[in-house]
Amino acid sequence: MAAEIIDGKAFAAKVRERVAQQVAALKAAQGIVPGLAVVLVGEDPASQVYVRNKGVQTVEAGMASFKHKLDAATSEAEILSLVARLNADPAVHGILVQLPLPGHVDSAKVINAIDPAKDVDGFHISNVGLLGTGQKALVPCTPLGCLMMLRDYHGSLSGMEAVVVGRSNIVGKPMAQLLLGESCTVTVAHSRTRDPGEVCRRADILVAAVGRPEMIRGDWVKPGATVIDVGINRVPHPDDPNKTRLVGDCHFDSCAAVAGAITPVPGGVGPMTIACLLANTLTACCRAHGLPEPEGLTV
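Here the structure is a predicted model, which is why all the values come from computation and not from measurement. (Residues numbered from 1 in each chain as written. Predicted model: local features only at pLDDT ≥ 70, side-chain atom pairs only at ≥ 80, totals over all residues. Heavy atoms only, no water.)

1. Focus on the sheet that holds strand β4 (residues 94–97)
Reasoning step 1: Taken in spatial order, the 3 strands line up as β3-β2-β4 in an open sheet, and their pairing is parallel. The sheet is open, and its two borders are formed by β3 (64–70) and β4, each paired with just one other strand. Recorded for the sheet is a direction-independent mean angle of 15 degrees between the axes of neighbouring strands.
Reasoning step 2: Pairing of strand β2 (residues 35–41) with β4 involves 4 bridges; the strand directions are parallel. Looking at β4, one finds that Leu-36 is bridged to Gly-94.
Reasoning step 3: Across the sheet, helix α2 (residues 45–60) lies against β2, β3 and β4, angled at about 160 degrees from β3, the strand it touches most. (Pairing = 2+ DSSP bridges. Helix = DSSP H or I, 4+ residues; strand = E, 2+ residues; numbered from the N terminus. Axes fitted to C-alpha atoms, helices over the stretch in contact; angles between N-to-C directions. Contact = heavy atoms within 4.5 Å.)

2. Observations concerning the pattern of salt bridges
Reasoning step 1: In the structure shown here, the tally under the stated rule is 9 salt bridges.
Reasoning step 2: Between Glu-182 and Arg-151 there is a salt bridge, and its shortest N-O distance comes to 2.8 Å. Taken together, the residues span a long stretch of sequence, with Glu-182 in the loop between α7 (172–181) and β6 (185–189) and Arg-151 in helix α6 (residues 141–154) at a distance of 31 residues.
Reasoning step 3: When its relative accessible area of 29% is taken as the criterion, Arg-151 is described as partly exposed.
Reasoning step 4: Between Arg-287 and Glu-293 there is a salt bridge, with the nearest N and O atoms lying 2.7 Å from each other.
Reasoning step 5: Put simply, Lys-136, Arg-287 and Glu-293 are held in one network by salt bridges that share partners. (Salt bridge = Lys/Arg side-chain N within 4 Å of Asp/Glu carboxyl O. Buried < 20%, exposed > 50% of the residue type's maximum accessible area, 1.4 Å probe, protein only.)

3. Looking at unusual backbone geometry
Reasoning step 1: That bond from Leu-99 to Pro-100 is cis: its omega, 5 degrees, falls within 30 degrees of zero.
Reasoning step 2: If you trace the backbone, Pro-100 turns up in the loop between β4 and α4 (107–111).
Reasoning step 3: Non-glycine residue Ser-183 carries a positive phi angle of around 70 degrees.
Reasoning step 4: By the element assignment, Ser-183 lies in the loop between α7 and β6.

4. Brief notes about the packing of helix α1 (residues 8–30) against helix α10 (residues 270–288)
Reasoning step 1: Between α1 and α10, whose axes approach to 8 Å, the crossing angle comes to 20 degrees. Looking at the two axes, α1 sits roughly parallel to α10. Handedness of the α1/α10 crossing: left-handed. Of α10, the residues touching α1 (which contributes Gly-8, Lys-9, Phe-11, Ala-12, Val-15, Arg-16, Val-19, Gln-22, Val-23 and Leu-26) are Pro-271, Met-272, Ala-275, Leu-278, Ala-279, Leu-282 and Cys-285.
Reasoning step 2: Partitioned by chemical class, the residues of the contact of α1 with α10 number 13 nonpolar, 2 polar and 2 charged. (Parallel < 35°, antiparallel > 145°, perpendicular 65-115°, else oblique. Left-handed = near helix turned anticlockwise from the far one by under 90°. Nonpolar A, V, L, I, M, F, W, Y, C, P; charged D, E, K, R; others polar.)

5. With respect to the nonpolar core
Reasoning step 1: Within the largest apolar cluster, 55 residues are counted, with the highest numbers of intra-cluster contacts made by Val-19, Met-175 and Leu-179.
Reasoning step 2: Elements supplying a minimum of two residues to this core: α1, β2, α6, β5 (161–165), α7, β7 (205–208) and α10.
Reasoning step 3: Among the elements that line this core, the one with the most residues is α10, at 10 residues.
Reasoning step 4: Beyond its immediate sequence surroundings of up to four residues, Met-175 is in contact with Pro-143, Cys-146, Leu-147, Leu-150, Val-164 and Val-207.
Reasoning step 5: In terms of nonpolar packing, the next biggest core, distinct from the first, is built from 20 residues, Val-199, Met-215, Trp-220 and Ala-259 among them. (Core = buried A, V, L, I, M, F, W, Y, C linked by side-chain atoms within 4.5 Å.)

6. Here's the deal with the sheet that holds strand β8 (residues 226–229)
Reasoning step 1: In space, the 6 strands of this open sheet follow the order β1-β11-β8-β7-β5-β6, with parallel pairing throughout. The outermost strands of the open sheet, each flanked by one partner alone, are β1 (4–5) and β6.
Reasoning step 2: Summarising the sheet, β7 and β8 pair through 4 bridges and their orientation is parallel. Bridge pairing links Ile-205 to Thr-226 in β8.

7. A word on the pairing of β2
Reasoning step 1: Counting buried positions along β2 yields 7 of 7 residues, so the element is predominantly enclosed.
Reasoning step 2: Burial of β2 is two-sided: the residues Gly-35, Ala-37, Val-39 and Val-41 facing one way and the residues Leu-36, Val-38 and Leu-40 facing the other way are all buried.
Reasoning step 3: Sheet analysis places β2 next to β3, joined by 7 bridges and oriented parallel. Bridge pairing in β3 places Val-38 opposite Lys-67.
Reasoning step 4: Chirality of the crossover, the property in question, places the unit of β2, α2 and β3 among those that are right-handed. (Right-handed = clockwise from strand over helix to strand, strands pointing away.)

Taken by themselves, the reported measurements are silent on function.
Following this line, the structure appears as structure tokens:
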């Protein structure tokens, strides 16, 4: 039987709607407008599209959007100075520095200069440590989106066996921490894992975040498992060598034939990333003002 498709695009629209409703209520009751500042350094085309989409969706949610576009030659000191100004600006509740940064800039230094309470990407070392020790943190957007979809589909995840394929700081490691927080039994598989297929076949929940096109095939999937495919890979189109297409880290057709549920690529995890960025900005705003956190939009 074919797997149920987990529609991330539709779910993200619901999350954005909930954020917009709570932003409107916050404005009406407190006169507070959550603000998100995005810093873009250089001319990377993919980053420009992503930042533009963030700006549009921020405004649509009723938030204030602050965009800072800097030349690729901007010095590290100038970027750090801008981050310091945003840290001190009470109208800014969330700060996102778009990665990758130019080679002459120390990305870790810039990220760790952001006020952890405004670090809506969840990359600051303080938020990493808080998440790892089960304390209140701002959580990276993509893993948070994956968790929201899993909670929505399964309800309780307690006692389920989860395998995360990939150990990046952006997705793999925080995803594993979130699943541990849900009382799953968690294994992280990576490039040095012996017989990764055998490891993956144990999973009730399989999260693919390895960045290798269609690496995970159907015979790696436990019958009935839930597959969350984080991968977004552009590969040659089989019918036209002049075109490309997007595929995930899972071979969709073979995995969907075995799994109980699966996210597609595109239209699965991707749309949840910006939705969770907006959710994190709202959460950061509420925390900054000592207000109750938005329900169902955080960990």
